[in-house]
Amino acid sequence: MADVSNLEAAFERITVTDENDDLVASSTTATYHKSKGSLSTTVSLTGLAASSSAVNRQKLPLQKLAAANASRIVNASITKVTLPSQASQSRASADVPAHRRTLTDSVLYIQPSAAKQWSLPMFDIGKPLGKGKFGRVYLAKEKSTGFVCALKVLHKDEIAQGKVEKQVRREIEIQSHLAHPNVLRLFGHFHDNKRIILILEFAAKGELYKHLRREQRFPEWKAAQYIAQMAAALKYLHRKHVMHRDIKPENILVGIHGELKISDFGWSVHAPNNRRNTMCGTLDYLPPEMLRGAGKENFYNEKVDLWSLGVLAYEFLVGEAPFEDTQVMTYRKIARGEYTVPNFVSAEAKDLIKRLLVIDPEKRIPLEDVETHPWIVKYCQQGERAFDRASGGKFRSNLERES
Ligand SMILES: Nc1ncnc2c1ncn2[C@@H]1O[C@H](COP(=O)(O)OP(=O)(O)OP(=O)(O)O)[C@@H](O)[C@H]1O
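What you are looking at is a predicted structure, and each value in this text was computed from that prediction instead of being measured.

## A look at the pairing of strand β8 (residues 195-200)
The element β8 is largely enclosed, with a buried count of five among its six residues. Alignment of strand β6 (residues 147-155) against β8, held across six bridges, turns out to be antiparallel. Its bridge partner lying in β8, L151 is registered against I199. The pairing of strand β7 (residues 186-191) with β8 spans five bridges and is classified as antiparallel. Bridging across to β8, L186 finds its partner in L200.

## A look at the packing of helix α10 (residues 304-318) against helix α12 (residues 347-356)
The contact between α10 and α12 brings their axes to 8 Å, and the two run at 150 degrees. It follows that α10 is roughly antiparallel to α12 by the angle criterion. Crossing angle aside, the handedness with which α10 passes α12 is left-handed. Residues L306, W307, L309, G310, A313, Y314 and L317 of α10 pack against A349, I353 and L356 of α12.

## Some points on the nonpolar core
Counting 60 residues, the largest nonpolar core has I227, L309 and W375 as its most contacted members. The element contributing the most residues to this core is helix α8 (residues 220-239), with twelve residues. Composition of this core by domain shows at least three residues from each of domain 1 (120-200) and domain 2 (206-391). Discounting residues that sit within four places of it in the chain, L309 has contacts with I227, M230, A231, L234, L356, L367 and V370. Among the nonpolar cores identified, the runner-up in size contains 14 residues, and I172, L198, A203 and L253 belong to it.

## Quick notes on α12
Residues of α12 that are buried: A349, D351, L352, I353 and L356. Its buried side turned inward, α12 meets α8, α10, α13 (367-371) and α14 (374-379).

Criteria and cut-off values
- Residues numbered from 1 in each chain as written.
- Predicted model: local features only at pLDDT ≥ 70, side-chain atom pairs only at ≥ 80, totals over all residues.
- Heavy atoms only, no water.
- Buried < 20%, exposed > 50% of the residue type's maximum accessible area, 1.4 Å probe, protein only.
- Helix = DSSP H or I, 4+ residues; strand = E, 2+ residues; numbered from the N terminus.
- Pairing = 2+ DSSP bridges.
- Axes fitted to C-alpha atoms, helices over the stretch in contact; angles between N-to-C directions.
- Parallel < 35°, antiparallel > 145°, perpendicular 65-115°, else oblique.
- Left-handed = near helix turned anticlockwise from the far one by under 90°.
- Contact = heavy atoms within 4.5 Å.
- Core = buried A, V, L, I, M, F, W, Y, C linked by side-chain atoms within 4.5 Å.
- Domains from an automatic or database assignment.

Encoded structure:
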(Lines give C-alpha, C1' and ligand atoms only; values in the text may rest on other atoms or scores of the structure.)
Protein backbone atom coordinates (compact mmCIF):
# COMPACT_ATOMS: atom_id res chain seq x y z
CA MET A 1 0.00 0.00 0.00
CA ALA A 2 1.21 3.46 -0.76
CA ASP A 3 2.31 5.75 2.02
CA VAL A 4 0.23 8.87 1.87
CA SER A 5 1.62 10.64 4.93
CA ASN A 6 2.73 13.37 2.54
CA LEU A 7 -0.72 13.90 1.14
CA GLU A 8 -2.42 17.10 1.98
CA ALA A 9 -6.16 17.01 1.96
CA ALA A 10 -8.13 20.11 1.23
CA PHE A 11 -11.85 20.16 1.21
CA GLU A 12 -14.11 22.82 -0.05
CA ARG A 13 -17.80 22.58 0.51
CA ILE A 14 -20.59 24.16 -1.41
CA THR A 15 -24.19 23.91 -0.40
CA VAL A 16 -27.31 24.05 -2.46
CA THR A 17 -30.55 25.03 -0.81
CA ASP A 18 -34.15 24.86 -1.92
CA GLU A 19 -36.70 27.69 -1.94
CA ASN A 20 -37.15 27.30 1.83
CA ASP A 21 -33.42 27.52 2.40
CA ASP A 22 -33.26 23.88 3.52
CA LEU A 23 -30.07 22.10 2.66
CA VAL A 24 -30.79 19.83 -0.23
CA ALA A 25 -27.37 19.08 -1.59
CA SER A 26 -23.79 19.77 -0.89
CA SER A 27 -20.78 19.57 -3.07
CA THR A 28 -17.38 18.64 -1.76
CA THR A 29 -14.18 19.09 -3.63
CA ALA A 30 -11.24 17.17 -2.31
CA THR A 31 -7.78 17.82 -3.59
CA TYR A 32 -4.98 15.51 -2.64
CA HIS A 33 -1.55 16.59 -3.61
CA LYS A 34 1.40 14.29 -3.33
CA SER A 35 4.20 16.72 -2.93
CA LYS A 36 7.24 14.52 -2.35
CA GLY A 37 9.25 12.72 -4.95
CA SER A 38 9.65 13.38 -8.62
CA LEU A 39 6.16 12.27 -9.52
CA SER A 40 3.60 14.81 -8.50
CA THR A 41 0.09 13.45 -8.53
CA THR A 42 -2.92 15.62 -8.05
CA VAL A 43 -6.35 14.13 -7.69
CA SER A 44 -9.23 16.48 -7.57
CA LEU A 45 -12.76 15.24 -7.83
CA THR A 46 -15.99 16.68 -6.71
CA GLY A 47 -18.79 14.74 -5.15
CA LEU A 48 -22.26 16.13 -4.95
CA ALA A 49 -23.78 14.82 -1.77
CA ALA A 50 -27.53 15.00 -1.96
CA SER A 51 -29.23 14.88 1.40
CA SER A 52 -32.09 12.52 2.26
CA SER A 53 -31.80 10.54 -0.96
CA ALA A 54 -32.85 13.51 -2.98
CA VAL A 55 -32.00 11.71 -6.17
CA ASN A 56 -34.49 8.98 -5.46
CA ARG A 57 -37.24 11.23 -4.35
CA GLN A 58 -36.86 13.31 -7.47
CA LYS A 59 -38.15 16.38 -5.71
CA LEU A 60 -35.31 18.53 -6.87
CA PRO A 61 -34.85 20.07 -10.23
CA LEU A 62 -31.87 18.29 -11.72
CA GLN A 63 -30.07 21.55 -12.32
CA LYS A 64 -30.19 22.34 -8.64
CA LEU A 65 -28.95 18.93 -7.72
CA ALA A 66 -25.98 19.27 -9.98
CA ALA A 67 -25.25 22.91 -9.28
CA ALA A 68 -21.63 23.69 -8.68
CA ASN A 69 -20.71 20.08 -9.20
CA ALA A 70 -20.14 19.55 -12.86
CA SER A 71 -17.78 22.45 -13.31
CA ARG A 72 -15.58 21.34 -10.47
CA ILE A 73 -14.55 17.98 -11.78
CA VAL A 74 -11.05 19.00 -12.70
CA ASN A 75 -7.70 17.50 -13.36
CA ALA A 76 -8.26 14.02 -12.07
CA SER A 77 -5.09 12.10 -12.77
CA ILE A 78 -7.07 8.99 -12.18
CA THR A 79 -4.70 6.49 -13.67
CA LYS A 80 -1.72 7.41 -11.51
CA VAL A 81 -3.39 7.00 -8.17
CA THR A 82 -2.74 4.18 -5.75
CA LEU A 83 -5.01 3.40 -2.84
CA PRO A 84 -3.76 4.61 0.53
CA SER A 85 -3.59 2.34 3.56
CA GLN A 86 -6.28 2.56 6.25
CA ALA A 87 -3.83 4.11 8.71
CA SER A 88 -2.73 6.80 6.35
CA GLN A 89 -6.31 7.49 5.35
CA SER A 90 -7.18 8.34 8.92
CA ARG A 91 -4.02 10.49 9.18
CA ALA A 92 -5.03 12.38 6.04
CA SER A 93 -8.54 12.97 7.26
CA ALA A 94 -7.62 13.79 10.84
CA ASP A 95 -7.12 17.46 9.99
CA VAL A 96 -10.53 17.73 8.38
CA PRO A 97 -13.56 18.60 10.49
CA ALA A 98 -15.94 15.66 10.77
CA HIS A 99 -18.79 17.39 8.98
CA ARG A 100 -16.55 17.87 5.98
CA ARG A 101 -15.44 14.28 5.68
CA THR A 102 -18.20 13.29 3.29
CA LEU A 103 -16.04 12.31 0.38
CA THR A 104 -14.64 8.83 0.76
CA ASP A 105 -11.87 7.17 -1.13
CA SER A 106 -14.24 5.26 -3.34
CA VAL A 107 -15.06 8.42 -5.21
CA LEU A 108 -11.51 9.64 -5.24
CA TYR A 109 -10.26 6.45 -6.72
CA ILE A 110 -12.80 5.82 -9.42
CA GLN A 111 -10.58 4.49 -12.15
CA PRO A 112 -10.75 1.90 -14.85
CA SER A 113 -8.52 -0.56 -13.04
CA ALA A 114 -10.79 -0.43 -10.01
CA ALA A 115 -13.88 -1.16 -12.11
CA LYS A 116 -14.36 -4.61 -10.68
CA GLN A 117 -15.01 -3.03 -7.30
CA TRP A 118 -18.18 -1.36 -8.53
CA SER A 119 -21.60 -2.96 -8.61
CA LEU A 120 -25.15 -1.79 -9.16
CA PRO A 121 -26.24 -2.05 -5.49
CA MET A 122 -23.66 0.65 -4.72
CA PHE A 123 -25.86 3.19 -6.51
CA ASP A 124 -29.26 4.73 -5.91
CA ILE A 125 -30.86 4.82 -9.32
CA GLY A 126 -32.88 7.90 -10.17
CA LYS A 127 -34.90 8.93 -13.15
CA PRO A 128 -34.11 7.81 -16.69
CA LEU A 129 -32.17 10.51 -18.54
CA GLY A 130 -32.52 9.05 -21.98
CA LYS A 131 -32.41 6.05 -24.21
CA GLY A 132 -29.85 5.21 -26.85
CA LYS A 133 -29.72 2.42 -29.40
CA PHE A 134 -28.08 0.01 -26.98
CA GLY A 135 -29.20 0.99 -23.55
CA ARG A 136 -30.63 3.47 -21.15
CA VAL A 137 -29.03 6.22 -19.12
CA TYR A 138 -30.12 6.94 -15.55
CA LEU A 139 -29.39 9.63 -13.04
CA ALA A 140 -27.68 7.94 -10.12
CA LYS A 141 -26.04 8.56 -6.79
CA GLU A 142 -23.14 6.55 -5.42
CA LYS A 143 -24.49 5.58 -2.00
CA SER A 144 -21.42 5.93 0.18
CA THR A 145 -20.38 9.35 -1.13
CA GLY A 146 -23.52 10.87 -2.58
CA PHE A 147 -21.64 11.44 -5.80
CA VAL A 148 -24.16 12.23 -8.51
CA CYS A 149 -23.46 10.75 -11.92
CA ALA A 150 -25.15 9.21 -14.93
CA LEU A 151 -25.15 5.45 -15.35
CA LYS A 152 -25.29 4.16 -18.89
CA VAL A 153 -26.61 0.63 -18.84
CA LEU A 154 -25.77 -1.44 -21.91
CA HIS A 155 -27.18 -4.91 -22.41
CA LYS A 156 -24.56 -7.42 -23.50
CA ASP A 157 -26.92 -9.38 -25.75
CA GLU A 158 -27.98 -6.21 -27.58
CA ILE A 159 -24.35 -5.18 -28.00
CA ALA A 160 -23.55 -8.60 -29.43
CA GLN A 161 -26.59 -8.54 -31.71
CA GLY A 162 -25.68 -5.09 -32.97
CA LYS A 163 -22.06 -6.22 -33.45
CA VAL A 164 -20.82 -3.13 -31.62
CA GLU A 165 -18.57 -4.81 -29.05
CA LYS A 166 -15.56 -3.10 -30.60
CA GLN A 167 -17.24 0.29 -30.47
CA VAL A 168 -18.17 -0.11 -26.81
CA ARG A 169 -14.66 -1.24 -25.92
CA ARG A 170 -13.22 1.70 -27.79
CA GLU A 171 -15.61 4.12 -26.10
CA ILE A 172 -14.52 2.84 -22.68
CA GLU A 173 -10.80 2.69 -23.43
CA ILE A 174 -10.60 6.14 -24.94
CA GLN A 175 -13.06 8.08 -22.80
CA SER A 176 -11.75 6.79 -19.49
CA HIS A 177 -8.37 8.41 -20.19
CA LEU A 178 -9.73 11.83 -21.01
CA ALA A 179 -10.19 14.72 -18.60
CA HIS A 180 -11.21 18.05 -20.08
CA PRO A 181 -14.03 20.42 -19.10
CA ASN A 182 -15.57 20.13 -22.56
CA VAL A 183 -15.31 16.35 -22.77
CA LEU A 184 -17.80 14.17 -20.88
CA ARG A 185 -15.94 12.24 -18.20
CA LEU A 186 -16.12 8.49 -17.90
CA PHE A 187 -15.22 7.73 -14.30
CA GLY A 188 -15.31 3.97 -14.53
CA HIS A 189 -17.24 0.94 -15.60
CA PHE A 190 -18.32 -2.46 -14.36
CA HIS A 191 -20.40 -5.36 -15.55
CA ASP A 192 -22.51 -8.26 -14.45
CA ASN A 193 -23.77 -11.26 -16.42
CA LYS A 194 -26.13 -9.27 -18.55
CA ARG A 195 -25.02 -5.68 -18.51
CA ILE A 196 -22.11 -3.31 -18.90
CA ILE A 197 -22.50 -0.14 -16.85
CA LEU A 198 -20.61 3.05 -17.53
CA ILE A 199 -20.22 5.64 -14.74
CA LEU A 200 -20.46 8.97 -16.56
CA GLU A 201 -20.34 12.60 -15.61
CA PHE A 202 -23.89 13.94 -15.32
CA ALA A 203 -24.62 16.63 -17.92
CA ALA A 204 -27.48 18.49 -16.28
CA LYS A 205 -28.76 20.36 -19.32
CA GLY A 206 -29.03 17.37 -21.60
CA GLU A 207 -28.57 17.17 -25.32
CA LEU A 208 -27.35 20.13 -27.36
CA TYR A 209 -29.41 18.83 -30.26
CA LYS A 210 -32.63 19.51 -28.33
CA HIS A 211 -31.49 23.04 -27.43
CA LEU A 212 -30.77 23.72 -31.09
CA ARG A 213 -34.13 22.36 -32.26
CA ARG A 214 -35.91 24.42 -29.61
CA GLU A 215 -34.06 27.65 -30.45
CA GLN A 216 -33.97 26.80 -34.18
CA ARG A 217 -30.62 28.52 -34.49
CA PHE A 218 -28.22 30.08 -32.03
CA PRO A 219 -27.35 33.78 -31.83
CA GLU A 220 -23.84 34.55 -33.02
CA TRP A 221 -22.41 35.11 -29.53
CA LYS A 222 -23.58 31.71 -28.40
CA ALA A 223 -22.50 29.91 -31.57
CA ALA A 224 -19.04 31.52 -31.29
CA GLN A 225 -18.64 30.49 -27.66
CA TYR A 226 -19.79 26.97 -28.45
CA ILE A 227 -17.35 26.68 -31.35
CA ALA A 228 -14.56 27.97 -29.11
CA GLN A 229 -15.38 25.26 -26.56
CA MET A 230 -15.45 22.61 -29.24
CA ALA A 231 -12.13 23.83 -30.60
CA ALA A 232 -10.63 23.62 -27.09
CA ALA A 233 -11.95 20.08 -26.65
CA LEU A 234 -10.72 18.97 -30.08
CA LYS A 235 -7.32 20.50 -29.47
CA TYR A 236 -7.09 18.45 -26.29
CA LEU A 237 -8.24 15.28 -28.04
CA HIS A 238 -5.87 15.72 -30.97
CA ARG A 239 -2.99 16.37 -28.59
CA LYS A 240 -3.80 12.97 -27.12
CA HIS A 241 -3.91 11.53 -30.65
CA VAL A 242 -7.63 10.94 -30.44
CA MET A 243 -9.85 11.92 -33.32
CA HIS A 244 -13.55 11.94 -32.59
CA ARG A 245 -14.87 11.38 -36.14
CA ASP A 246 -18.52 11.86 -35.18
CA ILE A 247 -18.87 15.49 -34.12
CA LYS A 248 -22.51 16.59 -34.44
CA PRO A 249 -25.09 18.17 -32.10
CA GLU A 250 -26.53 14.75 -31.17
CA ASN A 251 -23.18 13.80 -29.64
CA ILE A 252 -22.76 16.90 -27.52
CA LEU A 253 -24.22 17.29 -24.04
CA VAL A 254 -24.64 20.48 -22.03
CA GLY A 255 -23.35 20.88 -18.47
CA ILE A 256 -24.96 22.78 -15.64
CA HIS A 257 -23.36 26.09 -16.63
CA GLY A 258 -24.25 25.72 -20.27
CA GLU A 259 -20.80 24.40 -21.18
CA LEU A 260 -20.56 21.84 -23.95
CA LYS A 261 -19.34 18.32 -23.36
CA ILE A 262 -18.39 16.08 -26.23
CA SER A 263 -19.70 12.58 -25.66
CA ASP A 264 -20.18 9.40 -27.63
CA PHE A 265 -16.67 8.16 -28.33
CA GLY A 266 -17.98 5.02 -30.04
CA TRP A 267 -16.52 6.12 -33.35
CA SER A 268 -13.45 7.86 -32.05
CA VAL A 269 -10.06 6.46 -32.81
CA HIS A 270 -6.77 6.58 -31.05
CA ALA A 271 -4.74 7.62 -34.08
CA PRO A 272 -1.60 5.47 -33.82
CA ASN A 273 -2.00 1.73 -34.32
CA ASN A 274 -5.43 1.90 -35.76
CA ARG A 275 -7.03 1.31 -39.06
CA ARG A 276 -9.15 4.26 -39.99
CA ASN A 277 -11.17 2.94 -42.83
CA THR A 278 -14.58 2.59 -41.25
CA MET A 279 -17.38 4.51 -42.79
CA CYS A 280 -19.13 6.17 -39.90
CA GLY A 281 -21.10 9.20 -38.89
CA THR A 282 -24.18 10.65 -40.55
CA LEU A 283 -23.69 11.80 -44.10
CA ASP A 284 -24.31 15.47 -43.27
CA TYR A 285 -21.16 15.71 -41.17
CA LEU A 286 -18.92 13.42 -43.19
CA PRO A 287 -15.81 15.10 -44.59
CA PRO A 288 -15.05 14.63 -48.30
CA GLU A 289 -11.93 12.56 -47.66
CA MET A 290 -14.01 10.01 -45.70
CA LEU A 291 -16.52 9.80 -48.53
CA ARG A 292 -13.78 9.34 -51.09
CA GLY A 293 -11.52 6.97 -49.30
CA ALA A 294 -13.80 4.31 -47.82
CA GLY A 295 -11.98 0.99 -47.70
CA LYS A 296 -8.48 2.40 -47.89
CA GLU A 297 -6.15 2.57 -44.97
CA ASN A 298 -4.82 5.78 -43.48
CA PHE A 299 -6.66 7.95 -45.94
CA TYR A 300 -7.60 10.53 -43.40
CA ASN A 301 -6.37 12.02 -40.18
CA GLU A 302 -7.59 14.15 -37.28
CA LYS A 303 -8.40 16.96 -39.70
CA VAL A 304 -11.74 15.24 -40.31
CA ASP A 305 -12.85 16.85 -37.04
CA LEU A 306 -12.07 20.31 -38.47
CA TRP A 307 -14.48 19.75 -41.32
CA SER A 308 -17.17 18.61 -38.86
CA LEU A 309 -16.48 21.69 -36.77
CA GLY A 310 -17.26 23.80 -39.86
CA VAL A 311 -20.51 21.90 -40.41
CA LEU A 312 -21.33 22.39 -36.73
CA ALA A 313 -20.68 26.16 -36.90
CA TYR A 314 -22.95 26.38 -39.93
CA GLU A 315 -25.74 24.37 -38.28
CA PHE A 316 -25.50 26.44 -35.08
CA LEU A 317 -25.96 29.65 -37.07
CA VAL A 318 -28.38 28.54 -39.78
CA GLY A 319 -30.36 25.81 -38.02
CA GLU A 320 -29.64 23.15 -40.63
CA ALA A 321 -26.53 21.44 -41.96
CA PRO A 322 -24.87 22.99 -45.05
CA PHE A 323 -25.10 19.93 -47.28
CA GLU A 324 -28.55 18.75 -46.20
CA ASP A 325 -30.38 17.24 -49.16
CA THR A 326 -31.26 13.85 -50.57
CA GLN A 327 -28.53 11.31 -49.93
CA VAL A 328 -27.19 11.44 -53.46
CA MET A 329 -27.17 15.23 -53.50
CA THR A 330 -25.58 15.49 -50.05
CA TYR A 331 -22.83 13.18 -51.22
CA ARG A 332 -22.27 15.27 -54.34
CA LYS A 333 -22.33 18.59 -52.48
CA ILE A 334 -19.84 17.39 -49.86
CA ALA A 335 -17.49 16.03 -52.51
CA ARG A 336 -17.51 19.42 -54.24
CA GLY A 337 -17.68 21.51 -51.08
CA GLU A 338 -20.83 23.21 -52.38
CA TYR A 339 -22.90 25.19 -49.92
CA THR A 340 -24.37 28.66 -49.50
CA VAL A 341 -24.48 30.71 -46.33
CA PRO A 342 -27.61 32.84 -45.78
CA ASN A 343 -27.18 36.61 -45.58
CA PHE A 344 -28.14 36.88 -41.93
CA VAL A 345 -24.85 35.19 -41.01
CA SER A 346 -22.06 37.71 -40.30
CA ALA A 347 -19.08 38.05 -42.62
CA GLU A 348 -16.71 36.96 -39.82
CA ALA A 349 -18.67 33.78 -39.14
CA LYS A 350 -18.83 33.03 -42.86
CA ASP A 351 -15.08 33.45 -43.05
CA LEU A 352 -14.45 30.88 -40.33
CA ILE A 353 -16.87 28.39 -41.89
CA LYS A 354 -15.13 28.88 -45.23
CA ARG A 355 -11.74 28.18 -43.67
CA LEU A 356 -12.99 24.99 -42.02
CA LEU A 357 -14.99 23.58 -44.94
CA VAL A 358 -11.98 23.18 -47.20
CA ILE A 359 -11.82 20.07 -49.36
CA ASP A 360 -8.07 19.66 -48.86
CA PRO A 361 -7.70 18.60 -45.19
CA GLU A 362 -4.20 20.07 -44.97
CA LYS A 363 -5.51 23.52 -45.89
CA ARG A 364 -8.16 23.67 -43.18
CA ILE A 365 -7.59 26.32 -40.53
CA PRO A 366 -5.75 24.75 -37.54
CA LEU A 367 -7.49 24.70 -34.15
CA GLU A 368 -5.03 27.24 -32.70
CA ASP A 369 -6.10 29.68 -35.40
CA VAL A 370 -9.78 28.93 -34.81
CA GLU A 371 -9.31 30.15 -31.25
CA THR A 372 -7.83 33.43 -32.43
CA HIS A 373 -10.14 33.92 -35.39
CA PRO A 374 -11.80 37.40 -35.32
CA TRP A 375 -15.31 35.91 -35.01
CA ILE A 376 -14.29 33.89 -31.95
CA VAL A 377 -12.31 36.75 -30.42
CA LYS A 378 -15.26 39.12 -30.88
CA TYR A 379 -17.53 37.02 -28.68
CA CYS A 380 -15.06 35.31 -26.41
CA GLN A 381 -13.03 37.51 -24.16
CA GLN A 382 -10.02 36.03 -22.47
CA GLY A 383 -10.99 33.16 -20.23
CA GLU A 384 -14.28 32.63 -22.01
CA ARG A 385 -12.93 30.76 -24.96
CA ALA A 386 -13.83 27.47 -23.56
CA PHE A 387 -14.90 26.55 -20.15
CA ASP A 388 -14.05 29.27 -17.70
CA ARG A 389 -12.92 27.55 -14.54
CA ALA A 390 -12.31 30.74 -12.63
CA SER A 391 -15.91 31.84 -12.88
CA GLY A 392 -17.21 28.38 -12.18
CA GLY A 393 -18.00 27.79 -15.81
CA LYS A 394 -20.34 30.73 -16.24
CA PHE A 395 -20.01 32.94 -19.24
CA ARG A 396 -19.87 36.60 -18.50
CA SER A 397 -23.17 38.34 -18.57
CA ASN A 398 -22.03 41.15 -20.87
CA LEU A 399 -21.82 38.62 -23.64
CA GLU A 400 -25.27 37.32 -22.88
CA ARG A 401 -26.60 40.88 -22.98
CA GLU A 402 -25.28 41.26 -26.50
CA SER A 403 -27.83 38.79 -27.77
N1 LIG B 1 -23.99 11.85 -18.98
C2 LIG B 1 -25.24 12.18 -19.26
N3 LIG B 1 -25.86 13.17 -18.59
C4 LIG B 1 -27.14 13.49 -18.90
N5 LIG B 1 -27.87 12.88 -19.86
C6 LIG B 1 -27.30 11.90 -20.56
C7 LIG B 1 -25.96 11.49 -20.30
N8 LIG B 1 -25.65 10.50 -21.15
C9 LIG B 1 -26.74 10.30 -21.91
N10 LIG B 1 -27.73 11.12 -21.56
C11 LIG B 1 -29.08 11.16 -22.16
O12 LIG B 1 -29.45 9.85 -22.53
C13 LIG B 1 -29.65 9.74 -23.93
C14 LIG B 1 -29.14 8.39 -24.41
O15 LIG B 1 -27.74 8.38 -24.33
P16 LIG B 1 -26.87 7.27 -25.06
O17 LIG B 1 -25.47 7.68 -24.90
O18 LIG B 1 -27.25 5.92 -24.60
O19 LIG B 1 -27.36 7.27 -26.50
P20 LIG B 1 -27.08 8.26 -27.68
O21 LIG B 1 -25.64 8.43 -27.82
O22 LIG B 1 -27.91 9.49 -27.54
O23 LIG B 1 -27.71 7.43 -28.85
P24 LIG B 1 -27.07 6.27 -29.67
O25 LIG B 1 -27.09 5.07 -28.82
O26 LIG B 1 -28.00 6.20 -30.80
O27 LIG B 1 -25.70 6.71 -30.07
C28 LIG B 1 -28.92 10.92 -24.52
O29 LIG B 1 -29.46 11.28 -25.74
C30 LIG B 1 -29.09 11.98 -23.44
O31 LIG B 1 -30.34 12.60 -23.55
